[in-house]
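What follows is the residue order along each chain.
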Amino acid sequence: DVKVTQSSRYLVKRTGEKVFLECVQDMDHENMFWYRQDPGLGLRLIYFSYDVKMKEKGDIPEGYSVSREKKERFSLILESASTNQTSMYLCASRPLQGAGGANVLTFGAGSRLTVL
Amino acid sequence: QKEVEQDPGPLSVPEGAIVSLNCTYSNSAFQYFMWYRQYSRKGPELLMYTYSSGNKEDGRFTAQVDKSSKYISLFIRDSQPSDSATYLCAPQGPNTGFQKLVFGTGTRLLVSP
């Protein structure tokens, strides 16, 4: 069964800490994404990567950075965590060309981060 | 104007009811209309999608698109407690290179036994 795995399901961090969220996919997908999901706001794109070492800002990149050194791994970094970054973080991936023309994302189970 | 509008709910129905979940969108270039289902404390997973206008049926689920009114619907027949989840609509353009994907905020559905 193909998968996107987020290693940390629940994290509690303190304000100012550096936080790493890891995501690994085993589908050989070119594109990978980081979203955050908040009640009433839905999914908001933080960063995406269309290939190894390539990254592009999404809608809300402030306070975040990413790293993609290998095709299967996409990391989200919070340089100095703040309370307004308390959220559910979702990683997703998709192949470069979607079957039948549709872009289908495969999501991980999510990482719920609480910043105190 | 948001690209996709979706009532957040919650929508509470008894088991066996017919459920209608809806979205409106503003971009007439959208051609694929996805529905994702998200169980509590899980990531979204693709439920089904349609291309252009019309209906598509998959078991108890029917997706319907009316491009003239920019209206997307998901119908669930004989709803079950296991259908309790948040449903997100995600209209999108054709797969021509990279594109930003948009999602509705999701409608939370509760099916009681």
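See above for the structure.
Let me sum up the structure you'll find in this document.

## Topic: the overall build of chain B
Counting its regular elements, chain B contains 0 helices and 10 strands. Mapped from its N terminus to its C terminus, chain B presents α and β elements in the order β-β-β-β-β-β-β-β-β-β. Here the C-alpha atoms of chain B give a radius of gyration of 14 Å, agreeing with the 13 Å that 2.2 N^0.38 yields for 113 residues. For the C-alpha atoms alone, the extent of chain B along its principal axes is close to 45 × 30 × 25 Å. In chain B, which comprises 113 residues, the proportion classed as buried is 43%.

## Some remarks on the overall build of chain A
Scanning chain A for helices and strands turns up 0 helices and 11 strands. Moving toward the C terminus, one meets the helices and strands of chain A in the order β-β-β-β-β-β-β-β-β-β-β. By the compact-globule yardstick of 13 Å for 116 residues, chain A fits well, its C-alpha radius of gyration being 14 Å. In terms of its C-alpha atoms, chain A occupies a principal-axis envelope of roughly 45 × 30 × 25 Å. A buried classification covers 48% of the 116 residues belonging to chain A. When contacts within chain A are restricted to residue pairs at least 6 apart in sequence, long-range pairs at least 24 apart make up 56% of them. As presented, chain A carries roughly 5500 Å² of accessible surface, and 52% of it is formed by carbon and sulfur atoms. For chain A, the centre of its 16 positive side-chain charges and the centre of its 14 negative side-chain charges are spaced 5 Å apart.

## Some points on the state of the cysteines
Taken as a whole and assessed by the stated rule, the structure comprises 2 disulfides over all chains. Across the disulfide from A:Cys23 sits A:Cys91; the S-S distance is 1.9 Å. Because the torsion about its S-S bond is -75°, the bridge between A:Cys23 and A:Cys91 counts as left-handed. Taken as a pair, A:Cys23 in strand β3 (residues 19-25) and A:Cys91 in strand β9 (residues 87-94) lie far apart in primary sequence, 68 residues in all. Each member of the pair A:Cys23 and A:Cys91 is classed as buried. At a sulfur-sulfur separation of 1.9 Å, the disulfide partner of B:Cys23 is B:Cys89.

## Concerning the sheet that holds β3(A)
Residues and elements named next belong to chain A. Strand order in this open sheet of 4 strands is β1-β3-β8-β7, and the pairing throughout is antiparallel. Only two strands of the sheet have a single neighbouring strand rather than two, namely β1 (4-6) and β7 (64-70). When the angles between neighbouring strand axes are averaged without regard to direction, this sheet yields 20°. Here 5 bridges tie β7 to strand β8 (residues 73-78), and the two strands are oriented antiparallel to one another. Note that in β8 the partner of Ser 67 across the bridge is Ser 75.

## Regarding the packing of aromatic side chains
Inspection of the entire model under this criterion finds 12 aromatic pairs over all chains. For the pair B:Tyr25 and B:Phe30, a centre-to-centre distance of 5.7 Å together with 55° between the ring planes defines the contact as tilted. Each member of the pair, B:Tyr25 together with B:Phe30, is buried. Following the ring pairs from residue to residue traces out a cluster consisting of A:Phe33, A:Tyr35, A:Phe48, A:Phe107, B:Tyr36 and B:Phe103. The ring of B:Tyr49 carries B:Lys56 above its face, with NZ or CZ at 5.0 Å from the centroid.

## Some words on the nonpolar core
Membership of the largest hydrophobic core comes to 24 residues, with the highest contact counts inside it found for B:Trp35, B:Leu74 and B:Tyr87. Among the secondary structure elements, those contributing two or more residues to this core are β3 (19-25), β4 (32-38), β5 (45-51), β7 (61-66), β8 (71-76), β9 (85-92) and β10 (107-112) of chain B. When residues of this core are assigned to their parent elements, the largest contribution, 4 residues, is made by β3(B). Counting residues in hydrophobic clusters, the runner-up holds 21 residues, among them A:Met32, A:Phe74, A:Leu78 and A:Val115.

Parameters at a glance
- Just so you know, the residues in each chain are numbered from 1, in the order the chain's sequence is written.
- Think of it this way: whatever chain is written first is A, whatever ligand is written first is 1, and the rest follow in order.
- Where local features are concerned, this predicted model is filtered to residues with pLDDT of at least 70; where side-chain atom pairs are given and counted, the filter is 80 or more; whole-chain, interface and lining totals use all residues.
- With hydrogens and water set aside, each side-chain value is computed from the structure's full complement of heavy atoms.
- The helix and strand labels rest on DSSP assignments: H or I over at least four residues marks a helix, E over at least two residues marks a strand, and numbering proceeds from the N terminus.
- The globule rule is 2.2 Å times the number of residues to the power 0.38, and the radius of gyration it is compared with is taken over C-alpha atoms.
- Working definition: with a 1.4 Å probe on protein chains only, accessible area under 20% of the residue-type maximum means buried, over 50% means exposed, and in between means partly exposed.
- Between two residues, a contact is recorded if the distance between any of their heavy atoms is within 4.5 Å.
- Note on areas: Shrake-Rupley with a 1.4 Å probe; residue coverage comes only from the protein chains shown.
- The charge count includes Lys and Arg as positive and Asp and Glu as negative, but it does not include His or the ends of the chains.
- Working definition for charges: the position is that of NZ of Lys, CZ of Arg, CG of Asp or CD of Glu.
- A pair of cysteine sulfur atoms is labelled a disulfide when the two atoms are within 2.5 Å.
- DSSP bridges decide pairing: two strands pair if at least two such bridges lie between them.
- Here the axes come from fitting lines to C-alpha atoms, over the contacting stretch only for helices, and the angles between their N-to-C directions go from 0 to 180 degrees.
- We call Phe, Tyr and Trp rings a pair once their centres come within 6.5 Å, taking the six-membered ring for Trp, and we label the pair stacked below 30 degrees between planes, edge-to-face above 60, and tilted otherwise.
- Here, a charge over a ring is recorded when the distance from Lys NZ or Arg CZ to the ring centre is within 6 Å and its angle to the ring normal is within 35 degrees.
- Here, nonpolar core refers to any group of buried Ala, Val, Leu, Ile, Met, Phe, Trp, Tyr and Cys residues whose side-chain atoms link them within 4.5 Å.

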